[in-house]
Amino acid sequence: MKKPESLRDLLFASVPALAKKRENLSIFIDKGRIAARATGSLSFEYRYTLSIVVQDYAGDLDDLVVPVLAWIAEYQPDLMERGEQEPFSFESEILDSDAADVEIGIELTERVKVERRDTGGTRVTHLPEPPRTDAFAGIERVNLWQVVLDDIVAGTVETTRA
């Protein structure tokens, strides 16, 4: 599976508190399933819940949520288009006034194409997501997570409280 690693890399790159304390980030795959049909092919789809646990997190929850949303828009865009408008869930255990343990749960799929090679054996290819309808006007053909990461590096991300 490829998606958990790409999300981990983005979180380390975009959340400075995690980059400094990598041991505080754990990623688990829960409720994994395989979807396959009797179609004469061994191609299949992984279906699973990705659980991201950030321990002793002293940052703003927004700093975790925004990169995760940007990643979902690129790597699992169907979650942004679901009727209930809830692309992921989260839980938080408040440890004290400065820190909390945060768990994020994302329902993911990964399509895998399995083909027989002419020379024998099989070729396994992880397929990209189908083309998305870009819900973020003005940002086309750019990875949304890259936009977020560029903003963080440039220091132009700010959190404003009303």
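Residues numbered from 1 in each chain as written. Predicted model: local features only at pLDDT ≥ 70, side-chain atom pairs only at ≥ 80, totals over all residues. Heavy atoms only, no water.

Peer 1: So what exactly am I meant to see when it comes to the overall build of the protein here?
Peer 2: Looking only at helices and strands, one finds four helices and five strands in the protein. Secondary structure elements of the protein, listed N to C terminal, follow the sequence α-α-β-β-α-β-β-β-α. Each of the 162 residues in the protein was classed as buried or not, and the buried ones make up 30%. Counted over contacts in the protein with a minimum sequence separation of 6, partners at least 24 positions apart contribute 60%. Taken as a whole, the protein presents about 10,500 Å² of accessible surface, with 50% of it coming from carbon and sulfur. (Helix = DSSP H or I, 4+ residues; strand = E, 2+ residues; numbered from the N terminus. Buried < 20%, exposed > 50% of the residue type's maximum accessible area, 1.4 Å probe, protein only. Contact = heavy atoms within 4.5 Å. Areas by Shrake-Rupley, 256 points an atom, 1.4 Å probe, with all protein chains shown as cover.)

Peer 1: Would you mind showing me how to read the pattern of salt bridges here?
Peer 2: Inspection of every chain in the model, using the stated rule, returns four salt bridges. With a closest N to O distance of 3.8 Å, R123 and E115 form a salt bridge. Taking the relative accessible area as the measure of exposure, R123 reaches 39% and is therefore partly exposed. Of the residues examined, E115 reaches a relative accessible area of 29% and is grouped as partly exposed. (Salt bridge = Lys/Arg side-chain N within 4 Å of Asp/Glu carboxyl O.)

Peer 1: Even after reading the chapter, I still don't get helix α1 (residues 3-14), so can you show me in this structure?
Peer 2: Since the α-helix advances by 3.6 residues per turn, residues separated by three or four positions end up pointing in the same direction. In this model, α1 (12 residues) spans 16 Å end to end at C-alpha, consistent with the 16 Å of a helix rising 1.5 Å per residue. When we look at burial in α1, the residues that qualify are K3, P4, L7, L10, L11, F12 and S14. (Expected span 1.5 Å × (residues − 1).)

Peer 1: Where do I start with the packing of α1 against helix α3 (residues 62-75) in this structure?
Peer 2: Two measures define how a pair of helices packs: the angle their axes make with one another and the distance between the axes. Contact pair α1 / α3: the axes reach a minimum separation of 10 Å and the direction vectors enclose 145 degrees. Once α1 is placed against α3, the crossing between them reads as right-handed. Seen from α1, the contacting residues are K3, S6, L7, L10, L11 and S14; seen from α3, they are L64, P67, V68, W71 and Y75. Across the contact of α1 with α3, the residue classes tally to eight nonpolar, two polar and one charged. (Axes fitted to C-alpha atoms, helices over the stretch in contact; angles between N-to-C directions. Left-handed = near helix turned anticlockwise from the far one by under 90°. Nonpolar A, V, L, I, M, F, W, Y, C, P; charged D, E, K, R; others polar.)

Peer 1: Sorry if this is basic, but what is going on with the packing of aromatic side chains here?
Peer 2: For any pair of aromatic rings, the description consists of the separation of the ring centres together with the inter-plane angle of the planes. Summed over the entire model, instances satisfying the criterion amount to two aromatic pairs. On the basis of an interplanar angle of 80 degrees and a centroid distance of 5.0 Å, the ring pair of F44 and Y46 is categorised as edge-to-face. By relative accessible area, F44 is classed as partly exposed at 22%. Exposure remark for Y46: the relative accessible area of 23% places this residue in the partly exposed category. Over the aromatic face of F12 sits the side chain of R22, whose NZ or CZ is 4.0 Å from the ring centroid. (Phe/Tyr/Trp six-rings, centres within 6.5 Å; stacked < 30°, edge-to-face > 60°. Lys NZ or Arg CZ within 6 Å of the ring centre and 35° of its normal.)

Peer 1: Explain the pairing of strand β3 (residues 89-94) here, please?
Peer 2: Two faces, one strand: in a regular strand the side chains alternate between the faces of the sheet. Pairing analysis gives six bridges linking β3 to strand β4 (residues 100-116), with the strands arranged antiparallel. Residue pairing for β4: F90 is matched across the bridge by I104. The antiparallel pairing of β3 with β4 creates a hairpin that spans five residues between the two strands. (Pairing = 2+ DSSP bridges.)

Peer 1: Please explain the nonpolar core as it appears in this structure.
Peer 2: Looking at soluble globular proteins, one finds that nonpolar side chains tend to be buried together. Core analysis: the biggest nonpolar cluster contains 23 residues, and L7, L11, L18, L25, I52 and I106 have the highest contact counts within it. Counting only elements with at least two residues in this core, the list comes to α1, β1 (25-35), β2 (44-57), α3 and β4. Here this core takes five residues from β2, the largest share from any one element. With sequence-adjacent residues up to four places away left out, L7 is seen in contact with L50, I52, W71 and I106. (Core = buried A, V, L, I, M, F, W, Y, C linked by side-chain atoms within 4.5 Å.)

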